[in-house]
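# Structural overview
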Amino acid sequence: KGIVFDIHPVAMDKAWRRACRDAGIADLRFHDLRHEAVSRLFELGLNPMEVASISGHKTLSMLQRYTHLKAEDLARKLG
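Residues numbered from 1 in each chain as written. Predicted model: local features only at pLDDT ≥ 70, side-chain atom pairs only at ≥ 80, totals over all residues. Heavy atoms only, no water.

## Quick notes on the confidence of the model for the protein chain
Defined as follows: As a per-residue measure, pLDDT reflects the predictor's confidence and takes values from 0 up to 100. A run of H or I in DSSP becomes a helix once it reaches four residues, and a run of E becomes a strand once it reaches two; helices and strands are each numbered from the N terminus.
On average, the protein chain scores 86 in pLDDT, and the residues at 70 or more come to 95%. Looking across the protein chain, the model is least confident in helix 5 (residues 71-78), with a mean pLDDT of 81, and most confident in helix 1 (residues 9-23), with 93.

Structure below.
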């Protein structure tokens, strides 16, 4: 039920820290990847309902932090 990966959270955290250390990456949280992925989905032109169905966000207000609307993009869509 809702399980994508069968891994204990502590094991996931350990693996994540090891991967970041081995790659020489400091200060990167696993959640940062979700933020990046959701932002990219919006850049591809998916609408909020499509992105929410992929990301698992339950409310549209939670997605607002990922939108990063630009005036020139809005003008292009309207023009």
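Next comes the rest of the account.
## Some thoughts on the side chain of Ser55
Keep this limit in mind: Only protein chains enter the calculation, and the probe is 1.4 Å; a residue is then buried if its accessible area is under 20% of its type maximum, exposed if over 50%, and partly exposed in between. Here a polar contact is recorded for every N or O atom pair within 3.5 Å, except that within protein the pair must consist of a potential hydrogen donor and a potential acceptor, and residues adjacent in sequence are included only if both atoms are side-chain atoms. Residue contacts follow a heavy-atom distance rule, with two residues in contact if any of their heavy atoms lie within 4.5 Å.
Tracing the chain through its elements places Ser55 in helix 3 (residues 48-55). Owing to a relative accessible area of 17%, Ser55 belongs among the buried residues under this scheme. Within polar-contact distance, the side chain of Ser55 engages the side chain of His57 at 2.6 Å. Non-local contacts of Ser55, meaning those with residues more than four positions away in its chain, are made with Arg34, Val38 and Leu63.

## What about the environment of Lys70?
By secondary structure assignment, the location of Lys70 is in the loop between helix 4 (60-63) and helix 5. For the pair Lys70 and Ile54, spaced 16 residues apart in sequence, the C-alpha to C-alpha distance is 23 Å.

## Digging into helix 1
To keep things clear, this is the line we draw: Helix span, as expected, comes to 1.5 Å for every residue beyond the first.
Taking 1.5 Å per residue, 15 residues should reach 21 Å; helix 1 reaches 21 Å between its end C-alpha atoms and fits that length. Residue Gly24 follows helix 1 closely and has a positive phi angle near 75°.

## Quick word on helix 3
Because the α-helix completes a turn every 3.6 residues, residues three or four places apart line up on one side. Keep this limit in mind: In this context, the arc is that of the directions from the helix axis out to the C-beta atoms.
Of the residues making up helix 3, those classed as buried are Val51, Ala52 and Ser55. Burial along helix 3 is one-sided: seen end-on, the buried residues are contained in an arc of 100°. With respect to the buried face of helix 3, the exposed residues turned more than 90 degrees away are Met49, Ser53 and Ile54. Those residues of helix 3 that are buried lie in contact with helix 2 (30-43) and helix 4.

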